[in-house]
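Spelled out from the first residue to the last, the chains are:
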Amino acid sequence: MNLTVCADPEELAEAAATLFRTRLQARPDLAMAVPAGRTPRRMYRLLETFQRRTPLDYTAMHVFSVDELCPPAPPDGYFWRQVRQEFLAWAGVPPGHCHPFAVGAPDLELMCAEYEDAITKVGGLDLVMLGLGPNGHIASNEPGSPFDSLTRPVRLLAETVEYILTDEVIQGAVCDQAVTLGQATILAAREVVVLVGGGAKREALRKLLEGPVTPVVPASILQRHPRCTIIADREARP
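Scoring rules and cut-offs
For every chain, the first residue of the written sequence is number 1, and numbering continues from 1 along that sequence. Local features in this predicted model are restricted to residues whose pLDDT is 70 or higher, and side-chain atom pairs enter the listing and the counts only when it is 80 or higher, whereas totals over whole chains, interfaces and linings include all residues. Side-chain metrics in this entry use all non-hydrogen atoms of the structure; hydrogen atoms and water are not considered. A run of H or I in DSSP counts as a helix once it spans at least four residues, and a run of E counts as a strand once it spans at least two, with each numbered from the N terminus. Residue exposure (1.4 Å probe, protein chains only): buried if accessible area is under 20% of the type maximum, exposed if over 50%, otherwise partly exposed. Positive charges come from Lys and Arg alone, negative charges from Asp and Glu alone, with His and the N- and C-terminal ends not counted. Think of a salt bridge as a Lys or Arg side-chain nitrogen and an Asp or Glu carboxyl oxygen that are within 4 Å of each other. Each polar contact in these results corresponds to two N or O atoms within 3.5 Å; when the atoms are within protein, one needs to be able to donate a hydrogen and the other to accept it, and residues that are neighboring in sequence are counted only if both atoms are side-chain atoms. Throughout, a contact is declared for two residues whenever any of their heavy atoms are within 4.5 Å. With a 1 Å grid laid over protein atoms only, a set of points is called a cavity when a 1.4 Å probe fits there but cannot get out and a pocket when it is open yet has protein on both sides within 12 Å along at least five of seven lines; lining residues have an atom within 4 Å of a point. Grid points are joined across faces, edges and corners, and a volume is the space filled by probe spheres set on the points. Each residue receives one of three labels: charged for Asp, Glu, Lys and Arg, nonpolar for Ala, Val, Leu, Ile, Met, Phe, Trp, Tyr, Cys and Pro, and polar for the others, Gly being one of them. Strands are labelled as partners when DSSP assigns at least two bridges between them.

A. Structural view of the side chain of Arg-152. Secondary-structure assignment places Arg-152 in strand β7 (residues 152-155). Although buried, Arg-152 forms no salt bridge, and the nearest oppositely charged side chain, Glu-116, lies 7.9 Å from it. Of note is the side chain of Arg-152, whose polar atom sits 3.4 Å from the side chain of Ser-145. A polar atom in the side chain of Arg-152 sits 3.3 Å from the side chain of Ser-149. Here Arg-152 is in contact with Cys-112, Asn-141, Ser-145, Ala-178, Val-179, Thr-180, Leu-181 and Gly-182, once residues within four sequence places are set aside.

B. The layout of surface pockets, seen in detail. Size it by volume and the largest pocket reaches roughly 250 Å³. As for the largest pocket, its lining consists of 17 residues, and the residues nearest its centre are Pro-9, Arg-42, Gly-197, Gly-198 and Asp-233. When residues of the lining of the largest pocket are traced back to their parent elements, those giving at least two are α1 (9-26) and α2 (38-53). Here the residues of the lining of the largest pocket sort into six nonpolar, four polar and seven charged.

C. Fine view of the environment of Tyr-78. By the element assignment, Tyr-78 lies in helix α3 (residues 78-91). Exposure remark for Tyr-78: the relative accessible area of 3% places this residue in the buried category. Expressed as a C-alpha distance, the spacing of Tyr-78 and Val-174, which sit 96 residues apart in the sequence, is 7.9 Å.

D. Region of interest: the sheet that holds strand β1 (residues 2-6). Spatially, β1-β10-β9-β6-β2-β3-β5 is the arrangement adopted by the seven strands of the open sheet, whose pairing is parallel. In the strand order of this sheet, the two ends are held by β1 and β5 (98-99), each with one partner. Of the strand pairs in this sheet, strand β6 (residues 127-131) and strand β9 (residues 192-196) are connected by four bridges, and their pairing is parallel. Residue pairing across strands places Val-128 opposite Val-192, the latter belonging to β9.

E. Looking closely at unusual backbone geometry. That bond from Pro-71 to Pro-72 is cis: its omega, 20°, falls within 30 degrees of zero. With respect to the secondary-structure elements, Pro-72 resides in the loop between β4 (67-69) and α3. Despite not being glycine, Ala-139 has its phi angle at roughly 55°, a positive value. Structurally, Ala-139 can be placed in the loop between β6 and β7. Note on Ala-139: relative accessible area 9%, which makes it buried.

Now the structure itself:
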């Protein structure tokens, strides 16, 4: 794993935005699962600023979700609302290249299987960019999630729901039912980038970097990924 330590959240956002644009320039049809939450918010703002200065063509890329809350959270996607408002609203990605989770579907297991099929149809994920939960979760794979799991419905721990609610921007109702890319789905991506900001993530990052590979710390499986980059700010560094 490659670890980049940034001085502060602003520098972290710049490093993440620069990596995003570099990967898109190298592969215009980039298939990417994009993050939501507080840490990526600055990155999306910078991406928009960079786009005004030096435009890139986003129209060939495919945008997937990392995870999503289920109703009674917004049926159009609690996390997808952020992605749509902060990224898709200006990027020009065609609707047919946008792949939100259909959390209003009557059969979530089937919907998740079809999501895996959609990933396969575009040739697999080139890049998964996600955050790190304080308890070591990645996407919505909570502690104890099997490493061979695929995209599926899950139930969030109370501490994760509470953490979502501490964000400064609330996109609607929040609940403990979610769908998520599986551990095996993430591991199959050609590249994984983890954004880690703040002292609350320090212990989880230490376990990711130094601890044993165990389902108790879902992110620890990334030690086995051949191309994983962690971008952390100084407060998060162990």
